[in-house]
Amino acid sequence: SAIWQHLERLAKETGAYAELAEAYEATLKSEGHNRDTLPLLEALASVVEQELGDLDRALALNRAILELDDSHDAALDALDRLLVAKGQFGDLKQVYARKLELTSGADARIAILSKLGLLFENEVKDDGEAIKAYLAITDMAPDDKGALAALARLYERGEKWQELADVLQRQM
């Protein structure tokens, strides 16, 4: 609404983001979290993360958004950023799984699977799950250089020589 736009402009001009967040929260407290107040919840989550830098609160707000709309792209992207920043990799797996459910384009799916593979390989330290992610990429794009290089690395580390030989053959 025009009133919120005016308040947002004032906050931007004066740096009064904490006060803007308080106004959002007061309205949400009286109106509740529902589909009608979703835009306000989105705005609050953005201010809390980007202007106030309160990652824990931003995480909670974006989770609340997903409770109202489980396919909300901006909230999923925010959770991706926030969970990486906080090192909460277990929860991040669920975010990537949900993003995969919602994504149909091959390039976008490959990008998500690449992130998932790196997450399992480098943070969760689960080579088996990383391999599954990279194999899913090669199912869609058999010559994907990044996935093949990752598979070679993982197979070598796991001393899976036959699988390594197969991947090296595919890279030629």
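What comes next is a walk through the structure. (Residues numbered from 1 in each chain as written. Predicted model: local features only at pLDDT ≥ 70, side-chain atom pairs only at ≥ 80, totals over all residues. Heavy atoms only, no water.)

1. Examining the side chain of Thr103
1) Next: Looking at the element boundaries, Thr103 is found in the loop between helix H6 (89–102) and helix H7 (106–124).
2) Next: With sequence-adjacent residues up to four places away left out, Thr103 is seen in contact with Ala108, Arg109 and Ile112. (Helix = DSSP H or I, 4+ residues; strand = E, 2+ residues; numbered from the N terminus. Contact = heavy atoms within 4.5 Å.)

2. Digging into helix H3 (residues 38–51)
1) Next: Given a rise of 1.5 Å per residue, 14 residues ought to cover 20 Å, and the 19 Å separating the end C-alpha atoms of H3 matches this to within 8%.
2) Next: Taken together, the buried positions of H3 are occupied by Leu38, Leu40, Leu41, Ala43, Leu44, Ala45, Val47, Val48 and Glu49.
3) Next: Along its buried surface, H3 packs onto helix H1 (2–14), helix H2 (17–31), helix H4 (55–68) and helix H5 (73–86).
4) Next: Two residues or fewer past H3, Gly53 is found with a positive phi of approximately 65 degrees. (Expected span 1.5 Å × (residues − 1). Buried < 20%, exposed > 50% of the residue type's maximum accessible area, 1.4 Å probe, protein only.)

3. Regarding the pattern of salt bridges
1) Next: Tallied over the full model, the rule gives 14 salt bridges.
2) Next: For Glu25, the salt bridge identified is with Arg57, shortest N-O distance 2.8 Å. With a gap of 32 residues between them, Glu25 in helix H2 and Arg57 in helix H4 connect regions that are remote in the sequence.
3) Next: Take Glu25: its relative accessible area is 33%, and that puts it in the partly exposed class.
4) Next: Overall, the relative accessible area of 27% leaves Arg57 in the partly exposed class.
5) Next: The partner of Lys99 in a salt bridge is Asp80, with the nearest N and O atoms 3.3 Å apart. (Salt bridge = Lys/Arg side-chain N within 4 Å of Asp/Glu carboxyl O.)

4. Brief notes about the nonpolar core
1) Next: Tyr24, Leu44, Leu116 and Tyr134 are the most contacted members of the largest nonpolar core, which has 52 residues in total.
2) Next: The biggest single contributor to this core is H3, with eight residues.
3) Next: In this structure, Leu44 is in contact with Ala21, Tyr24, Glu25, Leu28, Arg57 and Leu61, ignoring residues within four places of it in sequence. (Core = buried A, V, L, I, M, F, W, Y, C linked by side-chain atoms within 4.5 Å.)

5. Concerning the packing of aromatic side chains
Geometrically, a pair of aromatic rings is defined through the distance of the ring centres and the angle of the planes.
1) Next: In this structure the tally under the stated criterion is one aromatic pair.
2) Next: Ring centres 4.9 Å apart and planes at 40 degrees place the aromatic pair Trp4 and Tyr24 in the tilted group. In this pair, Trp4 sits in helix H1 while Tyr24 sits in helix H2, placing the two residues 20 residues apart along the sequence. In this pair, the class of Trp4 matches that of Tyr24, namely buried. (Phe/Tyr/Trp six-rings, centres within 6.5 Å; stacked < 30°, edge-to-face > 60°.)

6. A closer look at the side chain of Thr138
1) Next: Mapped onto the elements, Thr138 comes out in helix H8 (residues 127–140).
2) Next: Classification of Thr138 by relative accessible area gives buried; the value is 5%.
3) Next: With residues up to four places along the chain from it excluded, the contact list for Thr138 reads Ala147, Leu148, Leu151 and Arg170.

7. Re unusual backbone geometry
1) Next: The backbone of Lys125 sits at a positive phi, close to 60 degrees, despite the residue not being glycine.
2) Next: With respect to the helices, strands and loops of the structure, Lys125 is situated in the loop between H7 and H8.
3) Next: According to the relative accessible area criterion, Lys125 is exposed, its value standing at 60%.
4) Next: With a phi angle near 55 degrees, Glu159 is a residue other than glycine that sits in the positive phi range.
5) Next: Relative to the helices and strands, Glu159 is located in the loop between helix H9 (145–157) and helix H10 (161–171).
6) Next: Residue class for Glu159 comes out exposed when judged on its relative accessible area of 56%.

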